[in-house]
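Per-entry structural report
Letter by letter, the chains look like this.
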Amino acid sequence: MSNQVNSLKKGLTVKDLVTTGIFSAIFFVFTLVGGLPFAPNPVLTFYMPMGAALLCGPIYLLMVAKVQKRWSVTILGIIMGIIWFATGMHWAFSLGYIGMGLIADLVAGAGHYRNKAINLLSYMLISLGGIYTYVVFFLDPDGWASTMLKNGTEQSYIDTMNASAPSWLLVVIIAGTLAVAAFSGWVGGKMLKKQFEKAGITA
Amino acid sequence: MIELKHVSFAYQGQEHDGLHDINLTIADGECVLFCGRSGCGKTTITRLVNGLIPQFYAGELTGSVLVDGQEISKLPMYQIAAKVGSVFQNPRTQFFNVDTDSEIAFGIENETRPPVELAERVEQATDDLHIRPLRNRNIFELSGGEKQKIAFASVYAMNPEIYLLDEPSSNLDMTSIQELKGHLRLLQKQGKTILIAEHRLYYLMGLADRIVYLEQGRIEKIFTPEEFRGLPRETRERMGLRAADLAEVRPPQVHPPVSSPVLELRDVTLRYKKRTVLHRISLAAAKGEVIGVVGHNGAGKTTFSRALCGLHKDCEGQFLWDGQAMERKNRLKRSYMVMQDVNYELFAESVEAECSFGIRNPDLTLAASTLEELGLAPYRERHPNTLSGGQKQRVAVAVSMICGKDLLVFDEPTSGLDFDSMTQVAGLIRRLSELGKVIFIVTHDFEFVCRTCSRVLHFDEGEMPGDIPVVMDALPKLRELFSVKVNGSEGDREGGLGHSDGKER
Amino acid sequence: MMGGASSRRGLWLDPRTKILLLLFCILSAMMAPSLFYELGLVVLIGLLGVCFGKWKYAWKGVLFYALIVLLTLWIMDTMTGTWRTMFIAFLGLFHKVYPCGMLSGIVLSTTKVSEFLSAMNRIHAPKKLVIPLAVMLRYVPTIQEDWRFIKDAMRMRDVSPSPKGLLTHPAMTVECIYVPLMMAASKAADELSIASITRGIENPKPRTCLVQIHIGPADLLAGICFAAYLAVGLYWKGVFG
């Protein structure tokens, strides 16, 4: 253990960077696999962040357990942001991942990347990276639809938006994503203990 | 010059693979082969010279390792990299880029050479190593042997004085091994120092100046090639070493007669992505038969094995078992493939759990007795990932026995195994054969084929031109098939399995 | 995704230009004043696609978008109530993302990973970001290969590698997928680190790059076209007026 304390000071080694890269690749693919079925569907599209959060818990927790150093999670967030940008996703999606990556890193760092409950919390936070597109929508439903509406605004649309959907839907998205992420992280934690620690692949 | 003075090393939290009081001096331009059983410390020696110990692998190191008078452990890794080039065992995890050109340039880019020089050096490496057809390609489309060539070219472009190769032939077919030999000869002509840790020894006999035999972390003896070749077979095998000369490897005189066939293939045609891989193959196999499958990369060996196991969908023709037609689902139930990278088929958290994983109503007494029989009982609590390669393979075989599979396919079961492990696998296969399983072995390993197989299927260009018995009478044909040369009479001419172009399917 | 090595056909643009075009495209889509402006943007991207020699992709992309525009107009005219709200929300996202997605399809299929990394080097992105990014791009196809092996292994153990299998035997299926994948990833992380350290990746000096990228007249022209289109949109919206 004394070895690892020393390496904490040294910052990220090449091995840490390579590990971060490899796990980012898996994180990206699993986010896509979980989220894609939701995207092209008017009813389900809003629940996409939940699908995206469902599969990545074990990956994220193993990465944190392997690296155990500052900036690795931030780099994961930035890479996700860059990839979403390059694939033409909504801008808030990219920025959301970068911002939440940084926050998740700070949170996990508060537990020195070893506290399992805090690591789980930090996974829940990075999973929120996907919701900002919808936050933008709820903040300004008018601007969202202005392209489609002939005269800029349309009162009936604003009314229905205010009446039915917004208040609870955003809450459902946030709470749902957190819950799904918590579940995924819980499974990940169990797997870490049952398999990966025993197999000797954590740091 | 490389000097190891009183070097001892122990990996952190690991008992095997350490070294005890190693003293060795290697002159410039020498080619030294390190051999010995798995865990004897031969790979550890290469890691001392390229600085991975102590900079990447933690542990307790005493003594000193000098390269050209400089203490290796005091140099930063990137300065060592300019002196000492390393090529490793696994071609799949050695590349950093997606295209071959960038990969060849990877090392010299890190040396921050100007772009004009980068292009010149990549060209030079391409010409010297004859890899023009591999330029500007996607690495994921290359075969294992081709990937290994790119890894070699990347190091070659850096033009180090010392080359380290750690089991470079493990994942190569016979043709690629011959090409590797050619590349090593080129280095020797250039006066480079070469250190190789290897299990397969035959291809290095004409190259090595000294052969260092290690046992349990100590240098047991240093041979000249003449001395080494003069070792009686029994002595060599007792030392745990594989054949020094494949010309001495012989198949048995005869095989016991087989019973009537149980598995039959009638006019089987296999397609992969609409391209015909194998055309109208017919064959029959009896219980207890062990059948080798050979052919160059891309000849359809993998597709054939996957089709046998019911994993490949695009098949035409009939598969019969005991005269009954066997659909894909039936084949899947009846068969099991022991993969080359066996890690993909181990899922559970302990060896014991692995034996009952996914089986409804597992027979625990059968599981226990199988583990006992395969010598795995002491490891039943261990995580499969912590076992050695040979042990993992035996776990996979144990699973197939517990599931009651009758048709087994082994994909390159001896890659990276030392002599002891190879004989163990051979013994295991003999046992499976006695149990009446039908066994197919996809392999490039001539020594292993002679020990285990009763016949060999040869695939080429989508056909099956050969079904050859592994007996003395067929020796010339077998040698041709595995490109085995006898006493240099054929020189270093390439032949046999042809060129390894095209991707393994 | 990003092809390893395809021969160059038609236009070649510097990856930095492509990133800039994407940025212009996102801004244009974000503030688009009307549907027809967006349609114009998609046509512009289609033209770029044609310059790259991607005829089929271009006309299919434009045609599909035109149909969606018609659908949107029809929905706007006829639907009311909650359905309308839902469709507006969904189509709002769709219209914002479609042009960027279409452009990114062109960008990704015409950019080699090595060119992209060269661009990252040129803009002096820190090594701590470039290394993981390069590894990530290289590892995605490896996951695909791994998955093929894992699927075979699962079938032989009578575990179905499908969503149905996941629902009927969740715990087992999850282990079958994650365990070999994570073991392979962890092994690859070690071996890939070793292979790059022994080839001198730790050199503190900035790397040079075999693939040389350069900004030429075509880059300027493409940049001006997209910038001008963005300016037209802003003017239309009254930002300048």
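Residues numbered from 1 in each chain as written. Chains lettered and ligands numbered in written order. Predicted model: local features only at pLDDT ≥ 70, side-chain atom pairs only at ≥ 80, totals over all residues.

An unreviewed UniProt entry annotates chain A as MptD family putative ECF transporter S component of Diplocloster modestus.

Description of the interface of chain C and chain A
In this assembly, 57 residues from chain C lie in contact with 48 residues from chain A. In terms of residues, the side of chain C that touches chain A owes the most to one element, helix α4 (residues 81–110) of chain C, which gives 21 residues. Of the residues contributing to the side of chain C that touches chain A, the split by class is 40 nonpolar, 12 polar and 5 charged. (Contact = placed C-beta atoms within 7 Å. Helix = DSSP H or I, 4+ residues; strand = E, 2+ residues; numbered from the N terminus. Nonpolar A, V, L, I, M, F, W, Y, C, P; charged D, E, K, R; others polar.)

Considerations on the confidence of the model for chain A
Mean pLDDT over chain A: 85, with 84% of residues reaching 70 or higher. A low-confidence stretch, residues 1–9 of chain A stays under pLDDT 50, and its non-local contacts, those more than four residues away or across chains, total 4 contacts. (pLDDT = per-residue confidence, 0-100.)

Here we look at the domain arrangement of chain C
The assigned domain composition of chain C is domain 1 (15–111 + 215–237) and domain 2 (125–197). Once you take the C-alpha centre of each, domain 1 of chain C and domain 2 of chain C turn out to be 35 Å apart. (Domains from an automatic or database assignment.)

So, the sheet that holds strand β4 (residues 59–67) of chain B
All names here are of chain B. The strand order β2-β1-β4-β5 describes an open sheet built from 4 strands, whose pairing is antiparallel. Edge positions in the sheet fall to β2 (19–26) and β5 (70–71), since each of these pairs with one other strand and no more. Sheet analysis places strand β1 (residues 2–11) next to β2, joined by 5 bridges and oriented antiparallel. Looking at the pairing, valine 7 lines up with isoleucine 22 of β2. (Pairing = 2+ DSSP bridges.)

Some points on the sheet that holds strand β14 (residues 315–321) of chain B
All names here are of chain B. An order of β12-β11-β14-β15 is seen for the 4 strands of this open sheet, with the pairing classed as antiparallel. With partners counted over all chains shown, the strands left at the sheet margins are β12 (275–286) and β15 (324–325), one partner each. Pairing geometry for β14 and β15, over 2 bridges, is antiparallel. For leucine 320, the partnering residue across the bridge sits in β15 and is alanine 325. On the sheet, helix α10 (residues 301–308) packs against β11 (261–272), β12 and β14 and is oriented at approximately 125 degrees with respect to β11. (Axes fitted to C-alpha atoms, helices over the stretch in contact; angles between N-to-C directions.)

A few points about the pairing of strand β20 (residues 463–469) of chain B
All names here are of chain B. When strand β19 (residues 455–460) meets β20, the two strands line up antiparallel, connected through 5 bridges. Considered in β20, the bridge of aspartate 460 is made with glutamate 463. The hairpin turn running from β19 into β20, its antiparallel successor, is 2 residues long, and glutamate 461 in that turn takes a positive phi close to 50 degrees.

A word on the environment of aspartate 420 of chain B
If you trace the backbone, aspartate 420 of chain B turns up in helix α15 (residues 419–434). Counting along the chain gives 55 residues from aspartate 420 of chain B to threonine 365 of chain B, while the straight-line C-alpha distance between them is 29 Å.

A closer look at the confidence of the model for chain C
All names here are of chain C. When pLDDT is averaged across chain C, the result is 87; 95% of the residues are at 70 or more. Throughout residues 1–8 the model reports pLDDT below 50, and contacts reaching past four residues in sequence, or to other chains, amount to 22 contacts. Complex prediction metrics read pTM 0.91 and ipTM 0.89.

Remarks on the interface of chain B and chain C
With 54 residues of chain B at the interface, the matching set in chain C holds 47 residues. For the side of chain B that touches chain C, the secondary-structure elements that each account for two or more residues are α3 (77–83), α4 (100–110), α5 (115–129), α6 (144–158) and β16 (335–338) of chain B. If one sorts the elements of the side of chain B that touches chain C by residue count, α4 of chain B sits on top with 7 residues. Split by residue class, the side of chain B that touches chain C holds 29 nonpolar, 16 polar and 9 charged.

With respect to the environment of glutamate 248 of chain B
All names here are of chain B. Looking at the secondary structure, you find glutamate 248 in the loop between α9 (233–238) and β11. The class for glutamate 248 is exposed, based on 12 C-beta atoms found within 10 Å. Linking glutamate 248 and methionine 1, residues 247 residues apart in sequence, is a C-alpha distance of 35 Å. (Buried ≥ 20, exposed ≤ 12 C-beta atoms within 10 Å, placed from the backbone.)

Section: the nonpolar core
Ranked by internal contacts, the top residues of the largest apolar core, which has 287 residues, are Ile22 of chain A together with Phe34 and Val49 of chain B. In this view, isoleucine 22 of chain A contacts Val135, Tyr139, Ala185, Ala188 and Ala189 of chain C; residues no more than four positions away in its chain are not counted. (Core = buried A, V, L, I, M, F, W, Y, C linked by C-beta atoms within 7 Å.)

Some remarks on unusual backbone geometry
Residues and elements named next belong to chain B. Looking along the chain, the bond that leaves isoleucine 53 and enters proline 54 is cis, with omega of 5 degrees. Residue placement: proline 54 occurs in helix α2 (residues 52–55). Phi at aspartate 68 takes a positive value of approximately 50 degrees, unusual for a residue other than glycine. Within the secondary structure, aspartate 68 sits in the loop between β4 and β5.

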